[in-house]
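Summary of structural features
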Amino acid sequence: MRIKEFINEFERIIPARQAEDFDNVGLLCGNPGREISGILIAHDALESVVDEAFEKNYNLILCFHPIIFSGLKSITGKNYVERAVLKALENKIAIYAIHTAFDNDYLGVNYKICEVLGLKNQKILMPKQNQLKKLEVYVPVDSAEKLKNALFEAGAGNIGFYDECSFSINGNGTFRPLEGSNPLTGKQNERENANEVLLSVIFEDYKKHQILFAMKQNHPYEEVAYQLISLENENQYTGLGRFGDLETEMDEVDFLKFVKEKFSLNVIRHNDLTDKKIKRVGVLGGSGASGIKSAISAKCDAYLTGDVKYHDFFSGEDKMLICDIGHFESEQFVTQQLFEILSEKFTTFAIAKTTIKTNPVNYFI
């Protein structure tokens, strides 16, 4: 399998286009036409990880964090980013980053954190906004089923854990072919009445081009009558963070001990304790101070994330326990998640997790 073929299949599972706009995901370097000899999964594609891939004769690194985040003006090896990229290019090793595409995924980073904590009744903390569109298209009755199937195949009609969702209304359409037209039915300069179906499907915005292409390829009319409608509905299955409820409420100290054990932590940074019982818990892997207000709005009793700054801890306002468990520590399950996904889907080449420690933060206890 070539790298580009792998990417096409992999992004059917975790679409890169569901990443945040600021992010840099996808194939960062390497020849997409090269055959895959093996995939090494890592949190960060550091120089030492590239060395390990070379030693294993693996030519694709699937990493969580993008090693190239901002633009590079040169690649001379003067810093850790350039050294990693330079070595990858010299040894014909490609690097693919997933980052916030997996953060936003319903079964991604935050799903696993909630699973480890045993949270029930889970929901997305910050659902994606302005992402959903509705397509309404008019099609002759006898062509409706073919068009509907083509739209489903292109990714339309997927709503949470349901697919092939649509709505149809039968009606009567009129049109008059003019000079230069080549109508499927009817004669030029004569009004035609046609039994048609108004077919409606919902889809995520990033699928627009492929869905419109499928519509035009599978519609019998020379001129397709359709409209796209932007929806204000939140996407309840895609977004950053997550929250849910513990099976049994705990006091704050017991909860901190519980988290420390579940995540094998040396330390947890947190705001003042208020003797509040902990039942509802919000989580956001990585740098998640941006989710504090959303967690309070969701009536969370505690919030787990990383990279919380001094002033962010005041944001709890005595309403919520804020726990900084560490950036890497909050994302520590990612490589295993990706290993399981790839091992199930791809069986024609070797897949392994890196043995290199890439967390740059150490603790003196």
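Before reading on, note that the structure itself is shown above.
Residues numbered from 1 in each chain as written. Predicted model: local features only at pLDDT ≥ 70, side-chain atom pairs only at ≥ 80, totals over all residues. Heavy atoms only, no water.

Secondary structure assignment for the chain yields eleven helices and 15 strands. For the chain, the spread of C-alpha atoms along the three principal axes comes to 85 × 55 × 35 Å. In the chain, buried positions account for 47% of the 365 residues. Summing over all exposed atoms, the chain offers an accessible surface of approximately 19200 Å²; the carbon and sulfur share of this is 48%. Separation between the mean location of the 41 positive side-chain charges and that of the 52 negative ones in the chain comes to 1 Å. (Helix = DSSP H or I, 4+ residues; strand = E, 2+ residues; numbered from the N terminus. Buried < 20%, exposed > 50% of the residue type's maximum accessible area, 1.4 Å probe, protein only. Areas by Shrake-Rupley, 256 points an atom, 1.4 Å probe, with all protein chains shown as cover. Lys, Arg positive; Asp, Glu negative; His and termini not counted. Charge placed at Lys NZ, Arg CZ, Asp CG, Glu CD.)

By the element assignment, asparagine 266 lies in the loop between helix 8 (252–262) and strand 11 (269–270). Assessed through its relative accessible area of 47%, asparagine 266 is described here as partly exposed. Separated by 99 residues in sequence, asparagine 266 and isoleucine 365 place their C-alpha atoms 7.8 Å apart. Ignoring sequence-local partners within four residues, the contact set of asparagine 266 consists of Lys260, Tyr363 and Ile365. (Contact = heavy atoms within 4.5 Å.)

Moving on, we come to the sheet that holds strand 4 (residues 94–97). Paired through backbone hydrogen bonds, the strands of a sheet run either parallel or antiparallel to each other. Taken in spatial order, the five strands line up as 1-4-3-2-15 in an open sheet, and their pairing is mixed. The open sheet has two free edges, formed respectively by strand 1 (26–29) and strand 15 (350–353), since each of these has just one partner strand. On average, each strand axis in the sheet is inclined to that of its neighbour by 25 degrees, with strand direction left out of account. Bridge count between strand 1 and strand 4: three bridges; the pairing is antiparallel. Paired with leucine 27 across the strands is tyrosine 96, a residue of strand 4. Sheet strands in contact with helix 11 (residues 334–345) are strand 2 (38–44), strand 3 (60–65) and strand 15, and its direction is about 160 degrees off that of strand 2. (Pairing = 2+ DSSP bridges. Axes fitted to C-alpha atoms, helices over the stretch in contact; angles between N-to-C directions.)

On to helix 5 (residues 109–117). When helix 5 is considered as a whole, its buried residues turn out to be Val109, Asn110, Ile113, Cys114, Val116 and Leu117. Looking down the long axis of helix 5, one finds its buried residues gathered within 160 degrees of arc, a one-sided arrangement. At the C-terminal side of helix 5, glycine 118 shows a positive phi close to 75 degrees. (Arc of directions from axis to C-beta.)

Before going further, it helps to examine the packing of helix 6 (residues 144–153) against helix 7 (residues 208–217). The contact between helix 6 and helix 7 brings their axes to 9 Å, and the two run at 160 degrees. Judged on the interaxial angle alone, helix 7 and helix 6 are roughly antiparallel. Remark: the crossing between helix 6 and helix 7 carries right-handed chirality. Two secondary-structure elements touch here, helix 6 through Leu147, Ala150 and Leu151 and helix 7 through Ile211, Ala214 and Met215. Considered class by class, the residues forming the contact of helix 6 with helix 7 number six nonpolar, no polar and no charged. (Parallel < 35°, antiparallel > 145°, perpendicular 65-115°, else oblique. Left-handed = near helix turned anticlockwise from the far one by under 90°. Nonpolar A, V, L, I, M, F, W, Y, C, P; charged D, E, K, R; others polar.)

Counting 48 residues, the largest nonpolar core has Phe6, Phe10, Leu117, Phe255, Val259, Phe263 and Leu304 as the members making the most contacts within it. For this core, the element with the highest residue contribution is helix 5, accounting for five residues. With near-sequence residues (within four places) excluded, leucine 304 lies in contact with Leu117, Phe255, Val259, Phe263, Val281, Gly282, Val283, Leu284, Cys323 and Ile325. With 21 residues, the next largest nonpolar core counts Ala42, Tyr58, Val81 and Ala84 among its residues. (Core = buried A, V, L, I, M, F, W, Y, C linked by side-chain atoms within 4.5 Å.)

Further remarks concern the pairing of strand 2. By the criterion of burial, strand 2 is predominantly enclosed, with seven of the seven residues buried. Pairing geometry for strand 2 and strand 15, over four bridges, is parallel. Its bridge partner being in strand 15, leucine 40 is matched across the sheet by alanine 352. Inspection of the sheet shows strand 2 paired to strand 3 by five bridges, in the parallel sense. Opposite isoleucine 41, over in strand 3, you have leucine 62 as the bridge partner. Once you follow strand 2 into helix 2 (residues 47–56) and on to strand 3, the crossover reads as right-handed. (Right-handed = clockwise from strand over helix to strand, strands pointing away.)

Generally, phi is negative for residues other than glycine and the peptide bonds are trans, each holding for most cases. In this model, lysine 299 sits at a positive phi of 65 degrees, which is unusual for a non-glycine residue. As for its position among the elements, lysine 299 is in the loop between helix 9 (292–297) and strand 13 (302–306).

Within strand 13, five of the five residues are buried, which leaves it mostly tucked inside the rest of the structure. Burial along strand 13 is two-sided: Ala302, Leu304 and Gly306 facing one way and Tyr303 and Thr305 facing the other are all buried. In this structure, strand 12 (residues 278–287) lies alongside strand 13, joined through four bridges in parallel fashion. Paired with glycine 282 across the strands is tyrosine 303, a residue of strand 13.

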